[in-house]
Amino acid sequence: MTKKRVVPYLIDRPMGFCPGCGHGIVLRLIAKCLEELGQDNNVIYGIGVGCSSLLGGGLEADRLHCSHGRAGAVCTAMKRVNPDNMVIAYQGDGDAYSIGLAETNSAAYRNENFTAIIINNTNYGMTGGQMSNTTMPGQKTATSPLGRNCEVTGYPIKFPELAASQYNVAYAARGSVSTPAHINKLKSYIKNAFEAQLNGEGYSVVEVLSACPTNWGMSAKDAMERIDKELIPYFSLGEFKTREGK
Ligand SMILES: Cc1ncc(C[n+]2csc(CCOP(=O)(O)OP(=O)(O)O)c2C)c(N)n1
Ligand code: SF4
Ligand SMILES: [Mg+2]
């Protein structure tokens, strides 16, 4: 039987994220969903390299800081060896879709029974805002100072849509942290993804459009508004693969 936790899963302690960063909101939602599902004592994280690695400061849980991009492969092994544990890959867009695209893609392709939560802030936040595979067309970054030229680099990848349309995954969705209404919806996506894993339905992925005010050179408020004005028209919100009967 699962032990009852005596303190809330998300302990009230300082996190390492910049003010206005979206990562902390997502961690709060993950913690809430795990508590509601009685899984907060039963979770293992495969954490990506990037600001996602700061998860360790906010949540008290078993976790492995994976080599850059490899959480898809590491979480495959974690779940196969420990099928009764909830396994979550917590990664950024650079980690999951740039250096780690092979592992992310392969786990979805095999329909591995774990959950990937992927924080899309359209850049490599931790290293100073370089271009990633989700950087918007024309977006200026440290490595695209004239703006991203998609004729040369390709267009921003839409992974949940890819997984939903091409692979036999259990659940795929994209949410946002930009408004309270979006945050409430996002919570329902994360909970659905965890329930899919609990029921052994297979791979579940929730991408989150998230603010990086530090590298976007914006105030926290303007960064949230950028998500609504610029990102959502390209990265649609919603469920791309729903669970059977849900
Ligand atoms: C093998 C390797 N290459 C490059 C780096 C440098 N590096 C650290 S974090 C990072 C990108 C992280 O971006 P993302 O996954 O989008 O996370 P964010 O910080 O934006 O949340 C890079 C390239 C590294 N640590 N290891
Ligand atoms: S650099 Fe960006 S992603 Fe990283 S903690 Fe700061 S605001 Fe968040
Ligand atoms: Mg990023």
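Keep in mind that what you see is a predicted model, and the values were worked out from it rather than measured. Going along each chain's sequence as written, the residues are numbered from 1 onward. Whichever chain is written first becomes A and whichever ligand is written first becomes 1, with later ones labelled in order. Since the coordinates come from a predicted model, pLDDT governs what is reported: local features require at least 70, and pairs of side-chain atoms require 80 or more to be given and counted, while whole-chain, interface and lining totals use all residues. With hydrogens and water set aside, each side-chain value is computed from the structure's full complement of heavy atoms.

J.: Can you lay out the overall build of the protein for me, pointing to particular residues and giving the numbers?
T.: From N to C terminus, the protein includes 10 helices and 7 strands. Radius of gyration here uses only the C-alpha atoms, and the compact-globule reference equals 2.2 Å multiplied by the residue count raised to the power 0.38. Computed over C-alpha atoms, the radius of gyration of the protein comes to 17 Å, within 12% of the 18 Å expected from 2.2 N^0.38 for 246 residues, which places it in the range of a compact globule. Overall size of the protein, expressed as C-alpha extent along the three principal axes, is 55 × 40 × 35 Å. Type-normalised accessible area, obtained with a 1.4 Å probe on protein chains alone, sets the label of each residue: buried when under 20%, exposed when over 50%, and partly exposed for intermediate values. Taken over 246 residues, the protein has a buried fraction of 54%. Every residue pair with non-hydrogen atoms within 4.5 Å of one another is taken to be in contact. Sequence separation of at least 24 residues holds for 69% of the intrachain contacts in the protein that already meet a minimum separation of 6. Taken as a whole, the protein presents about 10700 Å² of accessible surface, with 53% of it coming from carbon and sulfur. Counting rule for charge: Lys and Arg are taken as positive, Asp and Glu as negative, and neither His nor the chain ends is counted. Here the site of a charge means NZ on Lys, CZ on Arg, CG on Asp, or CD on Glu. Side-chain charges of the protein comprise 24 positive and 22 negative groups, with the mean position of each set lying 1 Å from the other. Working definition: helices are DSSP H or I runs of at least four residues, strands are E runs of at least two. Numbering for both runs from the N terminus. Per-residue accessibility takes into account occlusion by the displayed protein chains alone, with areas from the Shrake-Rupley method and a 1.4 Å probe.

J.: Give me the packing of aromatic side chains: which residues, what numbers.
T.: Between the rings of Phe, Tyr and Trp (Trp by its six-membered ring), a pair exists once the centres lie within 6.5 Å; its type follows the angle of the planes, with under 30 degrees stacked, over 60 edge-to-face, and the other angles tilted. Per the stated rule, a full pass over the model turns up 4 aromatic pairs. Between Phe114 and Tyr203, the aromatic rings sit 5.5 Å apart at their centres with planes inclined by 85°, giving edge-to-face as the arrangement. You can see Phe114 sitting in the loop between helix H5 (101–109) and strand S4 (115–120) and its partner Tyr203 sitting in the loop between helix H8 (180–198) and strand S6 (204–209), a full 89 residues away along the chain. Residue classification places Tyr203 among the buried residues on the basis of a relative accessible area of 1%.

J.: Go over the sheet that holds strand S2 (residues 62–65), please, and point to the residues and values.
T.: Whether two strands pair comes down to DSSP finding at least two bridges between them. Across the sheet, 7 strands lie side by side as S2-S1-S3-S4-S6-S5-S7; this open sheet has mixed pairing. Edge positions in the open sheet fall to S2 and strand S7 (238–241), since each of these has one partner strand only. Across the sheet, the mean angle separating the axes of adjacent strands is 20° when strand polarity is ignored. Comment: axis = line fitted to C-alpha atoms, over the contacting stretch for helices; angle = value between 0 and 180 degrees taken between N-to-C directions. Most of the contacts of helix H3 (residues 71–81) go to strand S3 (residues 86–92), to which it runs at about 175°, and overall it touches strand S1 (43–47), S2 and S3.

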